[in-house]
Amino acid sequence: FVCLPVCLFVCLPVCLSVHSNSLLCVNDLRLLITLICFFFVAVMTGRWLLKVWLGPGSLHELYTAALGIYILWLLTRVGVALLGWLPQGRNVVRENILRWTMKAGKFLIAFTFIGIIVPLLLGLLFEMVFIIPLRVPLNQSPVYFLWQDWAMGVLHTKIFCAGVLLGPNGRLKRAVEQIYHDGIQNIRLGFIVRRVASPIITILLLLICVPYIIAIGIIPMFGVSDVLQNFIYRRIYPYMVVACVFVTVIAFQFRQVGQLFRHIRNDK
């Protein structure tokens, strides 16, 4: 009878620790199986979507996993939202679905302008200005890959947005800051199209189309040879961009000098 409390005092923590360790192992095993199933389903989902979108071919598993995880996360958020709306009645569910459908439609339209058209035009312009003059000889025809141009344009769009936010105050900077402040829930499609998408797309289209019209439509009227016309067509984009950048810098400097003179005059 005297040894029984001592045995309980010694053996009970050991049993509890073994039991707790076994529970931890079971929980870890469940978590591991859940993660494996989740990533397997995510990779398979992303692979299927990319094959449907891009067609058969070699796909990087990182892209498939990222796309699948995002799709599963989106479906999980939608399911959780629906489960939260169901106790409130059908009318509330119908109103919330209609409201979020409108927001999703506005977001998709804004993404089409900002995330697809603008990067595509920016990447195509970058290829015409830098890549084709440096890599494609004059006696060969350039081949454009729009998918690669879009991917390259996404990177340039991010750099452009960072430059706008870090640059001087202006209408474009205020518009971008307002879009960041509104977020997705308070997205304003008309504001995005008028203040951001339309000016940028117009400028990019002018930078792409005007040199082409000059090289293909106006230059042949002067009776130049085909070799000279091809040379002008290949080299007009870099010179045009250099000229536009030079004029923009000069105009900005004149504006800054004018503001400095006005400040000096007001101080006097």
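Presented here is a report on the structure given in the accompanying data block. Values in this document were obtained by computation on a predicted structure and should not be read as measured data.

### A short note on the packing of aromatic side chains
Alright, step 1. Scanning the entire structure with this criterion turns up six aromatic pairs.
Alright, step 2. Where phenylalanine 107 meets phenylalanine 111, the ring centres are 6.3 Å apart and the plane angle is 25 degrees; that geometry is what we call stacked. Of the two residues, phenylalanine 107 and phenylalanine 111 are both situated in helix α3 (residues 90–135); the distance of four residues between them amounts to about one turn of the helix.
Alright, step 3. Residue class for phenylalanine 111 comes out partly exposed when judged on its relative accessible area of 40%.
Alright, step 4. Put simply, the rings of Tyr212, Tyr233 and Tyr237 touch in pairs and so form one group of aromatic residues.
Alright, step 5. If you follow lysine 103 out to its NZ or CZ, it ends over the ring of tryptophan 100, 4.7 Å from the centre.
Alright, step 6. Sitting over the face of the ring of phenylalanine 191, arginine 188 holds its NZ or CZ atom 4.6 Å from the ring centroid.

### Points about a positive patch on the surface
Alright, step 1. Together, Arg171, Arg174, Arg194 and Arg195 make up a region of like positive charge exposed at the surface.
Alright, step 2. Listed by contribution, the elements that provide at least two residues to the positive patch are α5 (171–182) and α6 (189–218).
Alright, step 3. Within the secondary structure, arginine 171 sits in helix α5.
Alright, step 4. Of the residues examined, arginine 171 reaches a relative accessible area of 72% and is grouped as exposed.

### Some thoughts on the nonpolar core
Alright, step 1. Counting residues in hydrophobic clusters, the biggest one holds 20 residues, and the most contacted among them are Leu125, Leu204, Ile208 and Tyr237.
Alright, step 2. Only α3, α6 and α7 (226–267) provide two or more residues apiece to this core.
Alright, step 3. No other element matches α6, which puts nine residues into this core.
Alright, step 4. Here tyrosine 237 is in contact with Met128, Val129, Leu207, Ile208, Pro211 and Tyr212, once residues within four sequence places are set aside.

Conventions and cut-offs
Residues numbered from 1 in each chain as written. Predicted model: local features only at pLDDT ≥ 70, side-chain atom pairs only at ≥ 80, totals over all residues. Heavy atoms only, no water. Phe/Tyr/Trp six-rings, centres within 6.5 Å; stacked < 30°, edge-to-face > 60°. Helix = DSSP H or I, 4+ residues; strand = E, 2+ residues; numbered from the N terminus. Buried < 20%, exposed > 50% of the residue type's maximum accessible area, 1.4 Å probe, protein only. Lys NZ or Arg CZ within 6 Å of the ring centre and 35° of its normal. Patch = residues over 30% accessible without salt bridge, like charges linked within 9 Å, V, L, I, M, F, W, Y side chains within 5 Å. Areas by Shrake-Rupley, 256 points an atom, 1.4 Å probe, with all protein chains shown as cover. Salt bridge = Lys/Arg side-chain N within 4 Å of Asp/Glu carboxyl O. Lys, Arg positive; Asp, Glu negative; His and termini not counted. Charge placed at Lys NZ, Arg CZ, Asp CG, Glu CD. Core = buried A, V, L, I, M, F, W, Y, C linked by side-chain atoms within 4.5 Å. Contact = heavy atoms within 4.5 Å.

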